[in-house]
Each structure stands twice: as C-alpha cells, then as structure tokens.
Amino acid sequence: MRTVELLCSPELDAAVRAAWSRLAAAGLPSLARNTHPTNRPHLTLASVDDFPPGAEQRLADLCDAALPLPVRLDRLAVLDGSAPLVWLVRPTPQLVALHGAVWDVLTEASGPHPWHLPGRWVPHLSLALRFRGADRRRARAVAGADRPGGEFVAARSYDGDTRTVTELTATCPRPGG
C-alpha cells in the first residue's frame, strides 16, 4: 500500500497530539499509544496498492505547488468501517481541488482503496482507531470542543509494506513541530 498524505503545521500537529494525549489519559482508545516513528497527525488524500511509473515525482510537484493550504477542523465523528474516531476537516475548494488532482495522477494506479476516492472521501485527522463501542460522548468531552486551525504544510507517502515514509515536498516538518 502507498498513500499520499498531507502533514500539519506545528500548531495543528500539537493540537491533535494534545487530543491524543487527553484520550489516552482518560483510558479511551487513542493514537497516542502508537509509538511507531511514522505515526503523526496527517490527512490521507489517496491510498493505492502501488504508484504507477513517474507518479511520485508528479505528486511531489503537485504538492509543492499547492502547499501550504489553510485548514480548519470541524466536529468529532466516528466513521464507518474500522470505526475510527476522527476530527473532520472542513473541505475547502483548494483542498478538494488538490484531492482531485492527486487522483488524476493516480488514475492508472493499481488497487485504489475506495474510501479515498473522489465522491467517497471524508477528509479527517484520526484520533483513535477501532473506536466502536467506546464512549463517544466522553471522547468528545475529553478531546475538546475546540476546532483548531492551521495549515497543511508538507506531503509524504507512506509505504505499508516497509512501514517507511517518503517525503513528497521539499520541506517536511519533523513530528511534534
């Protein structure tokens, strides 16, 4: 699996990580417990089995031209499927355009994962995975009522086979700011 992900500005990254920490401290599911070095707040634009030839450079050029993008988070929600607890992202016209352009590059990619396809994509930042059955009301109170903002400032690709990332933009901020 290969992804195209947008990374948060330091202030937005810190706000999401703070929510992760509050959820974990309250004994609720949280991505704070995932200690893999690639774990960080991000917005997934696309997920495919593999990139077609030349796509990585085209994606890098596309993301370099589009970023930074302003972002404002919306309400907390639990999505269908694996039931992640997420902070929804308000889909600005610029973000929707970038999402569509990424899929234009990946039109020949093998194994597109349908939940990221245009028309089905729900832009979000994940707070916890497999949240089904957990206390949603308590999670909303613990994570906070704030709807932080910031920017998406860089892009990367995650390789699920090797569990490594490739930077897709010239400047990729370090986790945590």
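Scroll up for the structure.
Bear in mind that the values here come from a model prediction, so they are computed numbers and not experimental data.

## Some remarks on the overall build of the protein
The helix and strand inventory of the protein stands at four helices and seven strands. Taken over C-alpha atoms, the radius of gyration comes to 16 Å for the protein, in line with the 16 Å a tight globule of 177 residues would show. In terms of its C-alpha atoms, the protein occupies a principal-axis envelope of roughly 45 × 30 × 30 Å. Taking all 177 residues of the protein together, 46% fall into the buried category. In the protein, the proportion of contacts linking residues at least 24 apart, taken out of those at least 6 apart, comes to 79%. Total accessible area computed for the protein in this model is approximately 8600 Å², and 51% of it derives from carbon and sulfur atoms.

## A short note on the pattern of salt bridges
Summed over the entire model, instances satisfying the criterion amount to five salt bridges. Where Asp13 meets Arg17, a salt bridge forms, and the shortest distance between an N and an O atom there is 2.5 Å. Of this pair, Asp13 and Arg17 both sit in helix α1 (residues 10–25), four residues apart, roughly one helical turn. Close ionic contact of Asp74 with Arg147 constitutes a salt bridge, the shortest N to O distance being 3.0 Å. Placement of the pair is Asp74 in strand β3 (residues 69–78) and Arg147 in the loop between α4 (136–143) and β6 (149–159), with a sequence separation of 73 residues. Residues participating in the shared-partner salt-bridge network are Asp74, Arg90 and Arg147.

## Concerning the layout of surface pockets
In this structure, the largest pocket encloses a volume near 1000 Å³. What lines the largest pocket is a set of 33 residues, among which His42, Thr44, His124, Ser126 and Leu129 lie closest to the centre. Residue assignment for the lining of the largest pocket shows that the elements contributing at least two residues are β1 (2–8), β2 (42–48), β5 (124–128) and β6. Residue classes in the lining of the largest pocket are distributed as 13 nonpolar, 13 polar and seven charged.

Parameters and conventions
Residues numbered from 1 in each chain as written. Predicted model: local features only at pLDDT ≥ 70, side-chain atom pairs only at ≥ 80, totals over all residues. Heavy atoms only, no water. Helix = DSSP H or I, 4+ residues; strand = E, 2+ residues; numbered from the N terminus. Rg over C-alpha atoms; globule rule 2.2 N^0.38 Å. Buried < 20%, exposed > 50% of the residue type's maximum accessible area, 1.4 Å probe, protein only. Contact = heavy atoms within 4.5 Å. Areas by Shrake-Rupley, 256 points an atom, 1.4 Å probe, with all protein chains shown as cover. Salt bridge = Lys/Arg side-chain N within 4 Å of Asp/Glu carboxyl O. 1 Å grid on protein atoms, 1.4 Å probe; cavity = no way out; pocket = protein on both sides within 12 Å on 5 of 7 lines; lining within 4 Å. Points joined across faces, edges and corners; volume = space filled by probe spheres on them. Nonpolar A, V, L, I, M, F, W, Y, C, P; charged D, E, K, R; others polar.

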